[in-house]
Amino acid sequence: MGCAPFPGVIPAYRQDMRDPDAPRLPSSPGFWRSPLRGPWLTSVLGLVLLAGITVLFVTGLVSYAAYNPGLSPVNDKTPDKGILGFYLFAWPTRPHWLYRLNQGVHVTLGITLTPVLLAKLWSVVPRLFALPPARSLAHALERISLVLLVGGGLFEFVTGVLNIQLDYVFPGSFYPLHFYGAWVFFAAFVAHALLKMPTALRNLRHLREERNDLVSPRPAEPTVSRRGALWFVGGGSLLLFVTTVGQNFDGPLRRTALLAPHGGGDPGSGPNGFQINKTAAYAGIDPAETGEEAWRLVITGPAGTVRLSRAQLAQLPLHSSALPIACVEGWSTSDQWWRGVRLRDLAALVGYDAGDPPDLFVESLQRHGAFRSAALRANQVADPRSLLALYVNGEELSPDHGHPARIIVPAAPGVLNTKWVARMTFGDL
Ligand SMILES: Nc1nc2c(c(=O)[nH]1)N[C@H]1C(S)=C(S)[C@@H](COP(=O)(O)O)O[C@H]1N2
Ligand SMILES: [Mo]
């Protein structure tokens, strides 16, 4: 029992068996017996979440903008973002690590904060059961906002983690769910923070804490100090952090990311030996369709349609750029050296000025699955580092990295870097 992290959970139950008068319903304050609960613990955890969740919200909105969801219905199946999309902007191409950093922070921080969120909920759980449900209109409104706050918070953390771990269990619908959920949650969060911030700051300044409804009227014997409990929560966060953060780096560090999903398995070594999301086999790419005889890239624009074999593509001016793959799931690679044809040069083949290309719609050979196609905005097509890559790190692209040809664009989310490209259509979307 000595190591029970949250006294009052198990010990209180045991004491209740000896104490026939012990309250049996969670709605009575005496039911909750941990001596750790109180304004101080709740305030510390609340202030950590205030900072952390604000960063999660901002990086989340930025991450959504990075999809260029305005290129609807291609990149984003959400029919109408309405007023919630007010902030959306054309995603830039520099610095080239922008999405990698933003998404790394979003996912790593979200995972790291999970123990803090759970501890915070634990610290206020008596309140969630308090009766009567509403003492006044103001109290009723506050409790309704708490439903949105607690429900919204759990919803965002659960959908985020499931999306990473279970490989898009919500086909095509994760983005709208997580996006709308974020707005509901954050609205309740802002209201809650404004309401509670003065109290939280006051609680932290006073050494002797005020008694409030969080303090148990019949506390059990403590088995750990309040500071000990904070260390326990912080230790949990630290453990999650060190087993997650490695997924943002190559080499031995990636192997420390025990909790991170491992995508297409071991990418092996050599020039193509970096993280793979979906393998060619998984995506159902038939090797018979990718050979030199069979594969033709179909490029369409106002001047008509051009068909090029891979050998013909390799005859066009080739350029190199060092760019990472950065996935929405939070993993990323360091910069890889890609070599291929500039997207804007391909636009020029079908009737555009290479200095002023339009948007681009890319389709892959893949017939099933979520990421068969993606749209890029004109500013991404115009960047001289944006390529239809044929080679990586001095070698032919491997089948798993998108052979015969794949898209690579600076600062773009991994999912826009379509592999096994079959068709490119230039024109404003
Ligand atoms: N055709 C196709 N292209 C795709 C995908 C896919 O499933 N099918 N996955 C995308 C995603 S989500 C990412 S993160 C990158 C991963 O590229 P890599 O496997 O070469 O690292 O490819 C993108 N291109
Ligand atoms: Mo991805």
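The rules we used
Residues numbered from 1 in each chain as written. Chains lettered and ligands numbered in written order. Predicted model: local features only at pLDDT ≥ 70, side-chain atom pairs only at ≥ 80, totals over all residues. Heavy atoms only, no water. Helix = DSSP H or I, 4+ residues; strand = E, 2+ residues; numbered from the N terminus. Buried < 20%, exposed > 50% of the residue type's maximum accessible area, 1.4 Å probe, protein only. Contact = heavy atoms within 4.5 Å. Pairing = 2+ DSSP bridges. Axes fitted to C-alpha atoms, helices over the stretch in contact; angles between N-to-C directions. Domains from an automatic or database assignment. Buried area = accessible area lost by both parts, 1.4 Å probe. Salt bridge = Lys/Arg side-chain N within 4 Å of Asp/Glu carboxyl O. Parallel < 35°, antiparallel > 145°, perpendicular 65-115°, else oblique. Left-handed = near helix turned anticlockwise from the far one by under 90°. Phe/Tyr/Trp six-rings, centres within 6.5 Å; stacked < 30°, edge-to-face > 60°. Lys NZ or Arg CZ within 6 Å of the ring centre and 35° of its normal. Near = heavy atom within 4 Å. Polar contact = N/O pair within 3.5 Å; in protein donor to acceptor, adjacent residues only side chain to side chain. Areas by Shrake-Rupley, 256 points an atom, 1.4 Å probe, with all protein chains shown as cover. Nonpolar A, V, L, I, M, F, W, Y, C, P; charged D, E, K, R; others polar. Patch = residues over 30% accessible without salt bridge, like charges linked within 9 Å, V, L, I, M, F, W, Y side chains within 5 Å. Expected span 1.5 Å × (residues − 1). Arc of directions from axis to C-beta. Core = buried A, V, L, I, M, F, W, Y, C linked by side-chain atoms within 4.5 Å.

Now for the environment of A374. By the element assignment, A374 lies in strand β6 (residues 373-376). With a relative accessible area of 2%, A374 lands in the buried category. Spatially, the C-alpha atoms of A374 and V242 are 33 Å apart, while their sequence positions differ by 132 residues. Look past the residues within four positions of A374 in its chain and what remains in contact with it is V74, N75, L360, F361, V362, V415, L416 and T418.

Here we have five strands laid out as an open sheet, ordered β2-β1-β10-β5-β6, and mixed in their pairing. At either end of the open sheet lies a strand with only one pairing partner, and these are β2 (304-308) and β6. Between one strand and the next, the sheet's axes are offset by a mean angle of 15°, whatever the strand orientation. Where strand β1 (residues 297-301) meets strand β10 (residues 421-426), three bridges bridge the pair, whose relative direction is parallel. Each residue of the ladder has a partner; that of T300, found in β10, is T425.

It is worth spelling out the pairing of strand β5 (residues 360-364) at this point. Residues L360, V362 and S364 line the buried face of β5, whereas the alternating positions F361 and E363 sit on a face that is not buried. For β5 and β10, the ladder comprises five bridges, and the chain directions are antiparallel. Bridged to L360 within β10 is F426.

Domains assigned within the chain are domain 1 (39-248) and domain 2 (287-426). Relative to domain 2, the C-alpha centre of domain 1 lies at a distance of 37 Å. Overall, the association of domain 1 and domain 2 removes approximately 2500 Å² of surface from exposure, summing both partners, and the carbon and sulfur fraction of that is 55%. Taken as a group, T93, H96 and R100 account for 27% of the area that domain 1 buries against domain 2, more than any other trio of residues on that side. Linking domain 1 to domain 2 there are one salt bridge. Residues R94 and D383 are paired through a salt bridge, measuring 4.0 Å at the closest nitrogen-oxygen approach.

Put simply, helix α2 (residues 39-66) and helix α7 (residues 226-242) touch, their axes get as near as 11 Å, and they point 25° apart. With respect to α7, the element α2 is oriented roughly parallel. Judged by the twist between their axes, the crossing of α2 over α7 is right-handed. Seen from α2, the contacting residues are W40, L41, V44 and L45; seen from α7, they are R226, R227, L230 and V233.

Okay, the packing of aromatic side chains next. Within a pair of aromatic rings, the relevant descriptors are the distance that separates the centres and the angle that separates the planes. In the structure shown here, the tally under the stated rule is 15 aromatic pairs. Taking 4.9 Å as the distance between ring centres and 75° as the angle between the ring planes, the aromatic pair formed by F31 and W32 counts as edge-to-face. Ring centres of F185 and F189 lie 5.8 Å apart, and the angle between their planes is 45°; on these two criteria the pair is classed as tilted. Of this pair, F185 and F189 both sit in helix α6 (residues 174-205), separated by four residues, roughly a single helical turn. Given a relative accessible area of 8%, F189 falls into the buried group. One cation-aromatic arrangement involves R37 over W122; the distance from NZ or CZ to the ring centre is 4.1 Å.

Another point: the site of ligand 1. Around ligand 1, the structure places 18 residues, and the nearest of them are Q275, Q366, H401, R406 and K419. Contact distances for ligand 1 include 2.6 Å between a nitrogen atom and a side-chain N or O atom of Q366. Separating an oxygen atom of ligand 1 from a side-chain N or O atom of H401 is a distance of 2.6 Å. Its free accessible area being 530 Å², ligand 1 has 99% of it covered by the protein chains. Looking at side-chain class alone, the shell around ligand 1 contains seven nonpolar, eight polar and three charged residues.

A contiguous nonpolar patch, built from V55, W97, L101 and V105 and spanning about 330 Å² of accessible area, is present on the exposed surface. Relative to the assigned elements, W97 resides in the loop between α2 and α3 (98-123). Accessibility expressed as a relative area gives 42% for W97, which makes it partly exposed.

Among the secondary structure elements, S321 is positioned in strand β3 (residues 319-323). Within the structure, the side chain of S321 is placed 2.9 Å from the backbone oxygen of R385, a separation counted as a polar contact. Aside from chain neighbours lying at most four places away, what touches S321 is Q336, W337, W338, R385 and L387.

Moving on, we get to α7. Taking 1.5 Å as the rise per residue, α7 with 17 residues should run 24 Å; its terminal C-alpha atoms sit 24 Å apart, in good agreement. Those residues of α7 that sit buried are A229, V233 and S237. Buried residues of α7 fall within an arc of 75° about the axis and therefore sit on the same side. When the buried face of α7 is taken as reference, the exposed residues oriented beyond 90 degrees from it are R227, W231, L238 and L239. Of the surrounding secondary structure, the elements contacted by the buried residues of α7 are α2 and α3.

Moving on, we come to the nonpolar core. Counting 51 residues, the largest nonpolar core has Y87, Y99, W338 and I408 as its most contacted members. Counting residues per element, the ones that place at least two in this core are α2, α3, α5 (137-165), α6, α7 and β7 (387-392). With twelve residues, the single largest contributor to this core is α2. When residues of this core are assigned to domains, at least three fall in each of domain 1 (39-248) and domain 2 (287-426). Ignoring any residue separated from it by four or fewer positions in sequence, one finds Y99 in contact with S63, A66, Y67, W91, G104, A326, C327, V328, A411, A412, P413 and G414.

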